[in-house]
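# Coordinates in review
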Amino acid sequence: MSRSHWNRRQMLGSVAGGAAWFSVSGLFAEELAKTPALTEGPFYPDKLPLDVDNDLLIVGDGTTPAIGEITHLAGRILGPTGTPLRNAVVEIWQVDNNGAYLHSRDPNQEKRDANFQGYGRFLTDSKGQYYFRTIKPPPYTGRCPHIHFGISQNGRRIYTTQLFIRGHELNDRDMVFRGIREAADRQRVMADFAPLADSRIGELAANWDIVLGVTPQDPDEAVQGSYGPPERMRRRRG
């Protein structure tokens, strides 16, 4: 697949053929069920790549795509009452198809796919929408497949969580997933990675809305930092 620059307009068109978009029930209800906040882990990139766009399959001006199942990952960032969070920076980071993070201390660095960006950012629009082109995350030693999310506004990290693959056999063995005590909350951090309709190359679509548990207007509850949480969170397991 040739290099594409994904913008908001292309985002809406490219995923429309996949799974249903933005199906948050009770969107304008008094309060929505919140997405559990989860640890960042130790492998937030210790050196950000020069290319930090929302297409993780191609690095810079390269032409060789990353190895893995191409996944169109989209959703919305919402406040507790369903208000879309606009102009929020959504960051994702994950392992490549070989189970390696973009981090100097990752034990799988020698296997890392140099064509996988490993990290990306997207600025939400007026509807709180985000979009990434990435790969379906594989499991690695000690963890089931997952994608890390960080959400910032005005240079301040306000939420951190993780996305899991619905129905994956390793979920119930994962210490982070098992740490979510309520079954309903576990459902809120999972998404289907479903075949993208009409794709000739086996692409997938995952749609996941994040409902924040704290509002960006409340700095006392927000996690401090700019595109990276405090050191105490970086020391936790990925």
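Everything that follows concerns the structure shown earlier in this document.
Residues numbered from 1 in each chain as written. Predicted model: local features only at pLDDT ≥ 70, side-chain atom pairs only at ≥ 80, totals over all residues. Heavy atoms only, no water.

## Things to note about the nonpolar core
The biggest cluster of nonpolar side chains holds 37 residues, and the ones touching the most others in it are Leu-73, Tyr-130, Phe-149 and Ile-151. For this core, the secondary structure elements donating two or more residues are β1 (70-78), β2 (89-93), β4 (129-135), β5 (146-153), β6 (156-165), α2 (175-178), β7 (190-191) and β9 (204-207). Of all the elements, β6 adds the most residues to this core, at five residues. Beyond its immediate sequence surroundings of up to four residues, Ile-151 is in contact with Ile-77, Leu-85, Ala-88, Val-89, Arg-156, Arg-157, Ile-158, Tyr-159, Ile-210 and Leu-212. Counting residues in hydrophobic clusters, the runner-up holds eight residues, among them Phe-43, Tyr-44, Leu-102 and Tyr-140. (Core = buried A, V, L, I, M, F, W, Y, C linked by side-chain atoms within 4.5 Å. Buried < 20%, exposed > 50% of the residue type's maximum accessible area, 1.4 Å probe, protein only. Helix = DSSP H or I, 4+ residues; strand = E, 2+ residues; numbered from the N terminus. Contact = heavy atoms within 4.5 Å.)

## Things to note about the packing of aromatic side chains
Counted by the stated rule, this structure contains nine aromatic pairs. With a centroid separation of 5.6 Å and an interplanar angle of 85°, the aromatic rings of Tyr-101 and Tyr-140 are classed as edge-to-face. Of the two residues, Tyr-101 sits in the loop between β2 and β3 (119-123) while Tyr-140 sits in the loop between β4 and β5, which places them 39 residues apart along the sequence. Ring centres of Tyr-130 and Phe-149 lie 5.7 Å apart, and the angle between their planes is 70°; this geometry places the pair in the edge-to-face category. Placement of Tyr-130 in strand β4 and of Phe-149 in strand β5 is noted, with a sequence separation of 19 residues between them. (Phe/Tyr/Trp six-rings, centres within 6.5 Å; stacked < 30°, edge-to-face > 60°.)

## Things to note about the pattern of salt bridges
Applying the stated criterion to the full structure yields seven salt bridges. With a closest N to O distance of 3.7 Å, Arg-157 and Glu-40 form a salt bridge. Taken together, the positions of Arg-157 in strand β6 and Glu-40 in the loop between α1 (8-15) and β1 put the pair 117 residues apart, joining distant regions of the chain. Glu-40 carries the same exposure label as Arg-157, and that label is buried. (Salt bridge = Lys/Arg side-chain N within 4 Å of Asp/Glu carboxyl O.)

It is worth stressing that arrangement in space is one thing and function is another; only the former is reported here.
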